[in-house]
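In case you want the letters, here they are:
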Amino acid sequence: MRTLVSPLALRTPHGRIIYWTVLIVTVVGFTGAFVFPFFWMVSGALKSPDELAQIPPSFFPKSADFSVYKEAWDQLQLGVFLKNTALYAGGAWLFTLAVDVTAAYALSKLRPVLGKLVLGAMLATLMIPPMVLLLPTYLVAKDLPVLHLDLLNTPWAIWLPAAANGFFVFLLKRFFDSIPHELLEAAEIDGASPGRILWSIVLPVSRPIIGVVSILSVVTVWKDFVWPLLVLPETDKMSISVGIASLSAQMPQNVLIASLVIASLPTILVFFIFQTSIMAGLTAGSLKG
């Protein structure tokens, strides 16, 4: 197979120099593009308000003041907002697994009538801009059909919309499709019900993709801003992103930046801890056999 640069050219000294130069420049460039905003945020929190306002800006603070983080924690009530956000993210994670795993299992292994049509309708929702869905989703949360319940200022307004995610259903279904049918048929011969097969066979072998869905669902709720702003207007119910924005006008700029650093740390730690599971889960199910 002929590529842009032939393998023979890459084996020459000149080809190896070009290859490693392009590789290093690309890796360093992309790493800098993603890491620099976080570095700028961390260094900005340690600067004084006057130093933040100076032009041209300095890359490093002249005298680092770590007490700004304690000031941000106390003045912005970050403990309350973090507790609220952890509650919303944890509940959304549980409902996402309960709804999306069972839906993907049914579409992949139980194969109901019109299953392909249902999956196609779920994937079609991914083509609709999220802003278009805000108003109808808000009206549903304001007056839940049939039950006529007002879900505003309750965690249910976050949990229920988060559980209905066509992308997660698609990811899970693709992985479940790669599980051999012979394994499930053997369990059926032994008298296992579909629910028992899901719990005892499918879920244990699906840990990589379940880990990816779990991480993505938690991070999505954690960083969401517009939807919590609409459905959780009370101050003591706000998420971390909405709470910081609501109190930002009356805070010094370095205190505000310090609060953003604190709010970002949980998701960054989650990524570094589970990055192997993320990579394994995103490629799982892409090949059969």
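Residues numbered from 1 in each chain as written. Predicted model: local features only at pLDDT ≥ 70, side-chain atom pairs only at ≥ 80, totals over all residues. Heavy atoms only, no water.

Visitor: How should I be thinking about the overall build of the protein in this particular structure?
Guide: Helix and strand counts for the protein stand at 15 helices and zero strands. On C-alpha atoms alone, the protein measures out to a radius of gyration of 24 Å, which is more than a quarter above the 19 Å that the 2.2 N^0.38 rule sets for 289 residues. By its C-alpha atoms, the protein is 75 × 70 × 35 Å across when sized along the principal axes. Looking at the protein as a whole, 33% of its 289 residues qualify as buried. For the protein, long-range pairs separated by at least 24 residues make up 72% of all intrachain contacts whose partners lie at least 6 apart in sequence. Surface summary for the protein: the accessible area is close to 17700 Å², and the carbon and sulfur share equals 73%. Here the protein contributes 18 positive and 16 negative side-chain charges, whose respective centroids are spaced 13 Å apart. (Helix = DSSP H or I, 4+ residues; strand = E, 2+ residues; numbered from the N terminus. Rg over C-alpha atoms; globule rule 2.2 N^0.38 Å. Buried < 20%, exposed > 50% of the residue type's maximum accessible area, 1.4 Å probe, protein only. Contact = heavy atoms within 4.5 Å. Areas by Shrake-Rupley, 256 points an atom, 1.4 Å probe, with all protein chains shown as cover. Lys, Arg positive; Asp, Glu negative; His and termini not counted. Charge placed at Lys NZ, Arg CZ, Asp CG, Glu CD.)

Visitor: Before we go on, may I ask you to explain empty space enclosed by the protein in this structure?
Guide: Gaps between atoms show up when a probe of the same size as a water molecule is rolled over them. Considering all chains together, one arrives at one cavity of 30 Å³ or more under this definition. Its boundaries defined by the atoms lining it, the largest cavity holds a volume of some 30 Å³. Around the largest cavity, the lining residues are Thr85, Tyr88, Ile158, Val221, Pro228, Leu232 and Ser239. Looking at the lining of the largest cavity, its residues break down into five nonpolar, two polar and no charged. (1 Å grid on protein atoms, 1.4 Å probe; cavity = no way out; pocket = protein on both sides within 12 Å on 5 of 7 lines; lining within 4 Å. Points joined across faces, edges and corners; volume = space filled by probe spheres on them. Nonpolar A, V, L, I, M, F, W, Y, C, P; charged D, E, K, R; others polar.)

Visitor: I'm lost on the packing of helix α11 (residues 194-205) against helix α12 (residues 207-223) in this one. Help?
Guide: For any two helices packed against each other, one specifies the crossing angle of their axes together with the interaxial distance. Look at α11 against α12: their axes get within 5 Å of each other, and the N-to-C directions meet at 75 degrees. The angle between α11 and α12 falls in the class roughly perpendicular. On the side of α11, the interface is formed by Leu203, Pro204 and Val205, while α12 contributes Arg207, Pro208 and Ile210. For the contact of α11 with α12, the class distribution of residues is five nonpolar, no polar and one charged. (Axes fitted to C-alpha atoms, helices over the stretch in contact; angles between N-to-C directions. Parallel < 35°, antiparallel > 145°, perpendicular 65-115°, else oblique.)

Visitor: So what exactly am I meant to see when it comes to a nonpolar patch on the surface here?
Guide: A grouping of Leu10, Tyr19, Trp20, Leu23, Ile24, Val27 and Val28 is seen on the molecular surface, where their side chains present a nonpolar patch of about 650 Å² in accessible area. Mapped onto the fold, Val27 is located in helix α2 (residues 13-45). (Patch = residues over 30% accessible without salt bridge, like charges linked within 9 Å, V, L, I, M, F, W, Y side chains within 5 Å. Salt bridge = Lys/Arg side-chain N within 4 Å of Asp/Glu carboxyl O.)

Visitor: I keep staring at the layout of surface pockets and nothing clicks. Help me out?
Guide: Volume-wise, the largest pocket comes out at about 1100 Å³. Considering the residues around the largest pocket, the lining is formed by 36 residues, among which Leu133, Pro161, Ala162, Ala164 and Asn165 are closest to the centre. Of the residues contributing to the lining of the largest pocket, the split by class is 28 nonpolar, six polar and two charged.

Visitor: So what exactly am I meant to see when it comes to the environment of Leu152 here?
Guide: In this structure, Leu152 sits in the loop between α7 (130-142) and α8 (156-163). Classification of Leu152 as buried rests on a relative accessible area of 14%. Between the C-alpha atoms of Leu152 and Gln253, which are 101 residues apart in sequence, the distance is 31 Å.

Visitor: How should I be thinking about the pattern of salt bridges in this particular structure?
Guide: Side chains that differ in sign of charge can pair as their charged atoms come close. All chains considered together, the criterion is met by four salt bridges. Lys142 serves as the salt-bridge partner of Asp150, at 3.5 Å between the closest nitrogen and oxygen. Residue classification places Asp150 among the partly exposed positions, given a relative accessible area of 43%. By relative accessible area, which is 40% here, Lys142 ends up partly exposed.

Visitor: So what exactly am I meant to see when it comes to the nonpolar core here?
Guide: Nonpolar side chains in soluble globular proteins generally cluster together in the buried interior. The biggest cluster of nonpolar side chains holds 38 residues, and the ones touching the most others in it are Tyr69, Ile158, Val231 and Ile240. Among residues more than four places away in sequence, those in contact with Ile240 are Leu78, Phe81, Leu82, Thr85, Trp222 and Ala263. Formed by 23 residues, the second largest nonpolar core is a distinct cluster that contains Tyr105, Val169, Phe175 and Ile179. (Core = buried A, V, L, I, M, F, W, Y, C linked by side-chain atoms within 4.5 Å.)

Visitor: Explain the confidence of the model for the protein here, please?
Guide: Do not read the predicted coordinates in detail wherever pLDDT is low. Considering every residue of the protein, the mean pLDDT works out to 85; 93% of them sit at 70 or more. Ignoring residues within four places in sequence, the model shows residues 285-289, a span with pLDDT below 50, making seven contacts including any to other chains. (pLDDT = per-residue confidence, 0-100.)

Visitor: I tried to follow the side chain of Lys109 on my own but got confused; where do I start?
Guide: Structurally, Lys109 is set in helix α5 (residues 78-110). Among buried Asp, Glu, Lys and Arg side chains, Lys109 stands out as unpaired, with Asp177 the closest opposite charge at 5.3 Å. For Lys109, the contacting residues outside a window of four places in its chain are Phe176, Asp177, Ile179, His181 and Leu184.

Visitor: Help me understand the packing of aromatic side chains in this model?
Guide: Centre distance and the angle of the planes are the two values used to describe a pair of aromatic rings. As enumerated under the stated definition, the model contains 10 aromatic pairs in all. Ring centres of Tyr19 and Trp20 lie 5.4 Å apart, and the angle between their planes is 75 degrees; on these two criteria the pair is classed as edge-to-face. The exposure class of Tyr19 is partly exposed, given its relative accessible area of 43%. With relative accessibility at 48%, the residue Trp20 sits in the partly exposed group. Aromatic pair Phe167 and Phe168: ring centres 6.2 Å apart, planes at 45 degrees, arrangement tilted. Cluster of aromatic residues (ring-pair linked, three or more members): Phe36, Phe39, Trp40, Phe59 and Phe60. Geometry around Trp40 places Lys47 over its ring, the cationic atom sitting 4.5 Å from the centre. (Phe/Tyr/Trp six-rings, centres within 6.5 Å; stacked < 30°, edge-to-face > 60°. Lys NZ or Arg CZ within 6 Å of the ring centre and 35° of its normal.)

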